[in-house]
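# Descriptive structure summary
What follows is the residue order along each chain.
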Amino acid sequence: MTRPPQHNITQLLAKWRDGNQSALDELYPLVYDELHRLARRYMSRERRGHTLQTTALINEAYVRLVDQKNVHWANRSHFFAISAQIMRRILIDHARRHLYAKRGGGAQRVSLEEVAAITPNASRELVRLDEALKSLAEMDPRRSQVVELRYFGGLNNEEIAGVLNISANTVTRDWNMARAWLYQQLSENAAN
Amino acid sequence: MNPERWQQISRIFKSAVSLDPEARNAYVAGQCGSDDSLRAEVEKLIESHQQASEEDFIGGMAAEAAAPLLVVVEDEVGPPQRTLNNGQQFGSYVILDALGAGGMGEVYLARDTRLDRTVALKILPPDITADKRRMQRFRQEAKVASSLNQPNILTVFEFGEVGGLTFLATEFVDGETLRDHLRGKKKLKLVEILDINIQVLAALDAAHEASIVHRDIKPENVMIRRRDHVVKVLDFGLAKVTEKKISKGEEESEAVTAFKTAPGIIMGTINYMSPEQAQAAATDQRTDIWSTGVMLYEMVSGKMPFSGVTTSHTIVQILEKDPSPLTKDVPAELERIVLKAMAKDPDERYQTAKDMLIDLRSLKRKLEVQAEIDRTSSPSTERAAVVGDQPPVVHGNKRGLVIMLVTAMVLVTATIFGINMWRSARERAKVVTPAAPVPATSDERQLTYWITVQKFKGGKPYQNPFPLAGEINFEPTYQIRVNVRSPQAGHLYILSEGPASTQPEFVVLFPSTTANEGSSLLTATQTVQIPEKSWFQFDQQRGTEKLWLVFSADPVPELESVKQYANRQTKGLIPNAAENKSVQNFLTEHSASKPQSEKGESVTILKTPGNLLVYALRLEHH
């Protein structure tokens, strides 16, 4: 059995935290693979039982990926932040792939698409939410990040407050505003 | 929107949502001053905020909503243990797919080759068939359910045995169990909760009329059909014909009842069990009323009314504890109904399913009327929640009159709608079958097609699916399915071609590993659905999609060689450029002479001389 390259990931995380953006590019595939693998395992185990617990998943990935001895920052907030981002990408990638699977790799869009037997509109909704979230990030990066951490990362308001270094009340207010705006965007799109 | 404007809106919104409605209006008005567009934007956002909270929009987690995608796309872990394989012949059935495995056996999607219909096939594993008691339960389920004929009861077609395996063939319901439905969404709308329970009670009412008691009503035994949200009650496995079967005297039948309902022997879930079941006392139809009450309580509150750390704790609660009161936002009338259904003494409960159904239905109407009034009377003021806690307070005669008129109107509408629902449920099977095939001569090819359209509104199916002769402009939110058949036997191939590009790419849709077992050969009048048991959906990009229909007296080598790609992995996409090209050449060459097309009211008939018909069906969407 191959173990994930713990040391490497820990270093990359540290680099990324220190502002080295290229570390993220290296980090992404490593964490992606691990989260993806865990997600699939969770799903197969829990297909008939409980729903997927995002935080449990990220915690497990964290324990597996990060060399605990060499963790020299006080909290796990960076890991959560990056995990939420990656979780978002994994899910959106899946949703897109699902929508455009027939043409392979999403290189070319097709207009006719078979609807999944399980979730008719989940993929489409998710992709649209992602797009709306990107527009939100342009106007208001922090509120967009609150949604990312909560909806994709599965963090609660206190944890988000810790990651973003703001008060929990601010998180609640940001969430309300962002959610209302996203809801409005999605319902306007649906009406068109 | 520019960031400054956004900041301005966000500042007002932030304070406004923390105020009560009246103060809020005044505050927003004060802050916006004469800037009407700012005010409109803020109000729209507040409205969205309320809607989003009410619907619990993105209240769960993305991974939950998208989790099925993670397994749909890649199925690396492999399928669960199964007795039968896809494509395998099983008696007169052909296995199409595994639907799942439960405590009572494996369930497969299968085609009944005698009657050419899709069924759900439940197979009992051999270790259970060896158990006479469980076998008896299974046999009972088949018999009892078969004797009922009600739209909310799952229809049983056949009970039998093949190669030592005992099976039950039932109607296939394309949908999810109420349990999964409850898991999927954080909060159901009250009207939807009422609607589901009304349908469950309609099923029970019919069963009770026939002296059949279900005895195991729980969300796992209730299916919701995807296309129209019709509810089906399954698993009459514990049902027992209470009177007709008593042949050996009262006493023995009582003993049998007690034995069968003894906890731990048969029942999987005890939370829905009535006090009389928990005590292994005599039970009757009122036990189903109890269980429906528990289910209703759970759906409304998100909690089980009786749930202890162990089975015995739960039973003690069922026998002694009053359920915790429902929250204040639940209408008092609904709480009354729930509590009446869950009266410990069966004599104090609703005595019939119909009585409870009538109360739920009139409550549902009341809520709908109220929602209508809220919607129409004062759009500018604070929207009252649809859930509404009390009947509307009437100030003066004028308002009273309006309410009465709206009530009358909604009642009429509800009645008409109700009739339509029932009628269409009965007629649905017939609806999509076109007129009798026109005889075709041997020196021509004839193919009939029609398109089934499902409209969508606000992300939900809207009205029933309807057939169309084809080739119209589709709304992007519609879902469609193409149906093909011919009075002649022959080889059918269906491929799709994406919107125009330099090099068209083709996707094989029929035959596939699941459709017609990979064979292109169609028998006369056999109907093919593309996609089978599913729908096509358009993406946001406008354009024309070509659906190629090829119907030939002989197999077409160019297409026979690519049908292998219509499987789960490649999803019909032809990966090989040379093969893709050969398909393109074939289609181009043979589509030069277009078939004659007769467009009828709900079907189009294509005819062409010779023994090969090639037709490009254009699906445009905007």
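### Notes on the overall build of chain A
- Within chain A, the regular secondary structure consists of 8 helices and 1 strand.
- N-terminal to C-terminal, the α/β element order of chain A is α-α-α-α-β-α-α-α-α.
- Each of the 192 residues in chain A was classed as buried or not, and the buried ones make up 41%.
- Look at the contacts in chain A between residues 6 or more apart in sequence, and 64% of them connect residues 24 or more apart.

### Things to note about the nonpolar core
- Among the nonpolar cores identified, the biggest contains 66 residues, and A110(B), L121(B), V200(B), L201(B), A341(B) and M356(B) are the most heavily contacted of them.
- Lining this core are residues from two domains, each supplying at least three of them: domain 2 (89-171) and domain 3 (175-362) of chain B.
- Grouped together as the second largest cluster of nonpolar side chains are 46 residues, L27(A), A95(A), A180(A) and I46(B) included.

### Comments concerning helix α2 (residues 21-32) of chain B
- Taking 1.5 Å of rise per residue, the 12 residues of α2(B) would be expected to cover 16 Å, and the 16 Å separating its terminal C-alpha atoms lies within 8% of that figure.
- Looking one or two places after α2(B), you find G33(B), whose phi comes out positive at around 55°.

### Remarks on the sheet that holds strand β9 (residues 222-225) of chain B
All names here are of chain B.
- Overall, antiparallel pairing links the 3 strands, which are arranged β7-β9-β10 in an open sheet. Here the strands that pair on one side only, and so sit at the sheet edges, are β7 (175-177) and β10 (231-233). Ignoring strand direction, the axes of neighbouring strands in this sheet form an average angle of 25°.
- As paired elements, β9 and β10 share 3 bridges and run antiparallel to each other. Within β10, the position partnered with M223 by the bridge is K232.
- Across the sheet, helix α8 (residues 190-209) touches β9 and β10, and the angle it forms with β10 is around 40°.

### Considerations on the confidence of the model for chain A
All names here are of chain A.
- Averaged over chain A, the pLDDT score is 68; the fraction of residues at 70 or greater is 53%.
- For chain A, the element scoring lowest by mean pLDDT is strand β1 (residues 112-114), at 31; helix α6 (residues 141-152) scores highest, at 92.
- Note on residues 101-120: pLDDT is under 50 here. Beyond four places in sequence and across chains, it has 55 contacts.

### Topic: the packing of α6(A) against helix α7 (residues 157-164) of chain A
All names here are of chain A.
- Between α6 and α7, the shortest axis-to-axis distance is 10 Å and the interhelical angle comes to 130°. Of the possible angle classes, the one that applies to α6 and α7 is oblique. In terms of crossing hand, the pair formed by α6 and α7 is right-handed. For the pair formed by α6 and α7, the contact residues are R142, Q145, V146, L149 and R150 on the first element and I160, V163 and L164 on the second.
- Across the contact of α6 with α7, the residue classes break down as 5 nonpolar, 1 polar and 2 charged.

### Observations concerning the pairing of strand β4 (residues 117-123) of chain B
Residues and elements named next belong to chain B.
- Taking burial as the measure, the 7 residues of β4 include 5 buried ones, the bulk of the element.
- Of the pairings in the sheet, the one linking β4 to strand β6 (residues 165-171) comprises 5 bridges and is antiparallel in character. Paired with K122 across the strands is L168, a residue of β6.

### Section: the pairing of strand β16 (residues 490-497) of chain B
All names here are of chain B.
- For β16, a buried count of 7 out of 8 residues is recorded, marking the element as mostly surrounded by other parts of the structure.
- Relative to strand β18 (residues 521-522), β16 is paired through 2 bridges, and the arrangement is antiparallel. Counterpart to G490 in the pairing with β18 is L522.
- Summarising the sheet, β16 and strand β17 (residues 506-510) pair through 4 bridges and their orientation is antiparallel. The residue bridging E497 from the neighbouring strand is F506, located in β17.

### Some points on the environment of E43(B)
- Its place among the elements puts E43(B) in helix α3 (residues 36-55).
- Counting along the chain gives 27 residues from E43(B) to A16(B), while the straight-line C-alpha distance between them is 9.5 Å.

### Focus on the environment of L96(B)
- Tracing the sequence through the fold places L96(B) in strand β2 (residues 93-102).
- Among the residues examined, L96(B) registers 23 C-beta atoms within 10 Å and is labelled buried.

### A word on the packing of helix α1 (residues 3-16) of chain B against α2(B)
Residue and element names in this part refer to chain B.
- Interaxial distance between α1 and α2 falls to 10 Å at its minimum, and their mutual angle equals 160°. Classified by the angle between their axes, α1 and α2 sit roughly antiparallel to one another. α1 and α2 meet at a crossing whose hand is right-handed. Together, I12, S15 and A16 of α1 and R24, Y27, V28, Q31 and C32 of α2 make up the contact between the two elements.
- Looking at the contact of α1 with α2, its residues break down into 5 nonpolar, 2 polar and 1 charged.

### Re the environment of V191(B)
- Take V191(B): it is sitting in helix α8.
- When the C-alpha positions of V191(B) and K364(B) are compared, they lie 6.1 Å apart, and in sequence the two are 173 residues distant.

### Focus on unusual backbone geometry
Residues and elements named next belong to chain B.
- In this model, F510 is joined to P511 through a cis peptide bond whose omega is -5°.
- Structurally, the position occupied by P511 is in the loop between β17 and β18.
- Of note, the phi angle at D116 is positive, near 50°, even though the residue is not glycine.
- With respect to the secondary-structure elements, D116 resides in the loop between β3 (105-112) and β4.
- In this structure, H229 is a non-glycine residue whose phi angle is positive, near 60°.
- One can find H229 in the loop between β9 and β10.
- Given 15 C-beta atoms within 10 Å, H229 falls into the partly exposed group.

### What about helix α13 (residues 332-341) of chain B?
All names here are of chain B.
- Looking only at α13, the buried set comprises L334, I337, V338 and A341. Down the axis of α13, the buried side of the element spans an arc of 95°, and every buried residue falls inside it. Pointing more than 90 degrees away from the buried face of α13 are the exposed residues A332 and R336.

### Regarding the confidence of the model for chain B
Residues and elements named next belong to chain B.
- Chain-level statistics for chain B give a pLDDT mean of 74 and a share of 69% at 70 or above.
- Per-residue pLDDT stays below 50 along residues 71-80; that stretch engages in 16 contacts with residues further than four places along the chain or on separate chains.
- A low-confidence stretch, residues 379-439 stays under pLDDT 50, and its non-local contacts, those more than four residues away or across chains, total 54 contacts.
- If you check the scores for this complex, the pTM reads 0.40 and the ipTM reads 0.76.

What counts, and at which threshold
- Residues numbered from 1 in each chain as written.
- Chains lettered and ligands numbered in written order.
- Predicted model: local features only at pLDDT ≥ 70, side-chain atom pairs only at ≥ 80, totals over all residues.
- Helix = DSSP H or I, 4+ residues; strand = E, 2+ residues; numbered from the N terminus.
- Buried ≥ 20, exposed ≤ 12 C-beta atoms within 10 Å, placed from the backbone.
- Contact = placed C-beta atoms within 7 Å.
- Core = buried A, V, L, I, M, F, W, Y, C linked by C-beta atoms within 7 Å.
- Domains from an automatic or database assignment.
- Expected span 1.5 Å × (residues − 1).
- Pairing = 2+ DSSP bridges.
- Axes fitted to C-alpha atoms, helices over the stretch in contact; angles between N-to-C directions.
- pLDDT = per-residue confidence, 0-100.
- Parallel < 35°, antiparallel > 145°, perpendicular 65-115°, else oblique.
- Left-handed = near helix turned anticlockwise from the far one by under 90°.
- Nonpolar A, V, L, I, M, F, W, Y, C, P; charged D, E, K, R; others polar.
- Arc of directions from axis to C-beta.

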